[in-house]
Amino acid sequence: MEENPLRHLKVEDLDLLDQQLKPNKRCRLASKKMFAIFVESRKTSMSQWTCCGQIFTNTTGIHQHVSRTHSPEIQDLTTAALLQQQQPKMEEEEGGDVSSWIPDISHLSGEDLTRGTGEVLLFYCYCDLPNPQQISAWQRELCQRLRLTGKVRVATEGINGTVGGTRVSTGLYRRAMLAHPTFRCMQEDDFKRSEGGAHCFPELRVGVFEEIVPMGVDPALISYRRAGSHLEPEEFHEEVRALLSSRDTCGDTVLLDCRNFYESKIGQFSCCLAPDIRKFSYFPDYVDQNLELFRGKRVLMYCTGGVRCERGSAYLCSKEVCKEVYQLKGGIQKYLERFPDGFYRGKLFVFDERYAIASNADIISACRYCGASWDQYQLCSTRRCRQLVLSCPSCRRAGTTACCPTCQRKGSEVSGAWREECDCTATRPRIPRDV
């Protein structure tokens, strides 16, 4: 049976829309059409239909069955079809009308979009975008209308973002993304959700870049299409279990953390290889300099949400030294949703002002000054030094609040540069400025 082209459209909380559409003749006509499509798709011969394990030999029987059993599905498909009709295809040329893809929020007040429980969305989608400038303009307008803050990167290879706002706003954002024909390949599960809100980001930043994740390699040379095989969280969990149970005798598998060292410092999978890199753009050099670590091995890769693994695994695959390369689908965040007390221990570093989110109580890192268990990052106390420091409450009360002795001596002096030179310039962790 041919796949239903509307399968990926998931519409939630549409009671208000349903009330507006039910009296409309277009809705009744669309319902009849979707009903016919639903019935016809289950036709097995000229005179038979099969549905829910039953065989029907006349139209009356199948129609009654569908009406009784599948009415909610028909309504969802009808609503999705009407939404598509209401949103004409975007003009291809630069400067097209992006308002066609902005959801109607006239029934919502400013308080609906700014007050109430909030959350942060983390997502990405690799797909061909011939006009990223237009998608960027649409994203900026969409986020501004919905009062979302965060960071969105757009490129010819796709989109990558993390945005925060009320659940009303993030729900509308997800539906707008899923309804857009360019991102029809996305599903609801592609959005990683965590507690937070608009306050987690200082502002909204949307832009067009060469890559949706800054690895520093032209996507035309190393495409995401060469990425390793995806493993669902359950499959990845079993792979790690097998690795840990046989790590003394089995040396053919490498569990690779492709994040930065300040991320893996506060949380990681047991028995992983965590590169000492400060930026993802250093990852290719790390691979080049350590090819023997991966030669003939099965590699299990993971990162925060999955986007870095797409390009990172593609780069590793391009070296043709590994036996197999796999990556954790949805990243650590999806794994923790399924296994909060699994093999990942410690905090999950996030690229916003929360710095980290937790699923277990383990602390695997220490205070920079006294060595006590501590894993909550804060900014260096020297103004304009945008570095992260692990300084426990006791040490902070004692006045040690900077990233290094040089910064500590400077105190709150104002420097003319955002990234001033100090003792730890070469190795210190920086707050990433990109998504």
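Right above here is the structure, for reference.
Computed from a prediction, not measured in an experiment: that's the story for all the values here. Counting starts from 1 at the beginning of each chain's written sequence and moves along it residue by residue. Only residues with pLDDT of at least 70 get local features here, since the model is predicted, and only at 80 or more are side-chain atom pairs given and counted; chain-wide, interface and lining totals rely on the full set of residues. Hydrogens and water molecules were not included; the side-chain quantities draw on all heavy atoms of the structure.

Moving on to the overall build of the chain. The numbering of helices and of strands both runs from the N terminus, where a helix is a DSSP run of H or I of at least 4 residues and a strand a run of E of at least 2. Of regular secondary structure, the chain possesses 15 helices and 16 strands. Buried residues in the chain amount to 51% of all 435 residues. Should any heavy atoms of two residues lie within 4.5 Å, those residues are counted as being in contact. Across the chain, contacts joining residues at least 24 apart in sequence account for 69% of those joining residues at least 6 apart. The Shrake-Rupley method, run with a 1.4 Å probe sphere, supplies the accessible areas, and residue values consider only the shown protein chains as cover. A total of about 20900 Å² of accessible surface is found on the chain, and carbon and sulfur atoms cover 48% of it. Burial status follows relative accessibility: with a 1.4 Å probe on protein chains alone, a residue under 20% of its type maximum counts as buried, one over 50% as exposed, and anything between as partly exposed.

Let's shift gears to helix α3 (residues 59–69). Among all positions of α3, only Gly 61, Ile 62, His 65 and Val 66 are buried. In a view along the axis of α3, the buried residues occupy a sector of 125°, so they form one face of it. The arc in question is the one traced by the directions running from the helix axis out to the C-beta atoms.

The axes used here are C-alpha line fits, helices contributing only the stretch in contact, and every angle between their N-to-C directions lies in the interval 0 to 180 degrees. For the pair helix α6 (residues 132–145) and helix α7 (residues 167–179), interaxial distance at closest approach is 10 Å and the crossing angle is 155°. Classed by the angle they form, the pair α6 and α7 counts as roughly antiparallel. Judged by the twist between their axes, the crossing of α6 over α7 is right-handed. Where α6 approaches α7, its residues Trp 138, Gln 139, Leu 142 and Cys 143 are matched on the opposing element by Tyr 173, Ala 176 and Met 177. Any residue outside Ala, Val, Leu, Ile, Met, Phe, Trp, Tyr, Cys, Pro, Asp, Glu, Lys and Arg is labelled polar, Gly included; the first ten of those are nonpolar and the last four are charged. Of the residues contributing to the contact of α6 with α7, the split by class is 6 nonpolar, 1 polar and no charged. Should an angle fall under 35 degrees it is called roughly parallel, over 145 degrees roughly antiparallel, and 65 to 115 degrees roughly perpendicular, with every other angle called oblique. Note: crossing handedness is left-handed where the near helix turns anticlockwise from the far helix by less than a right angle, and right-handed where it turns clockwise.

On to the side chain of Asp 352, then. You can see Asp 352 is positioned in the loop between β13 (344–349) and β14 (356–358). Of the residues examined, Asp 352 reaches a relative accessible area of 7% and is grouped as buried. Within the structure, Asp 352 has its side chain in polar contact with the backbone nitrogen of Arg 354 (distance 2.8 Å). The residues contacting Asp 352, other than those within four sequence positions of it, are Val 120, Cys 200 and Phe 201. By the criterion applied in these results, polar contacts are pairs of N or O atoms within 3.5 Å in which, for protein atoms, one can donate a hydrogen and the other can accept it, and in which residues neighboring in sequence qualify only through two side-chain atoms.

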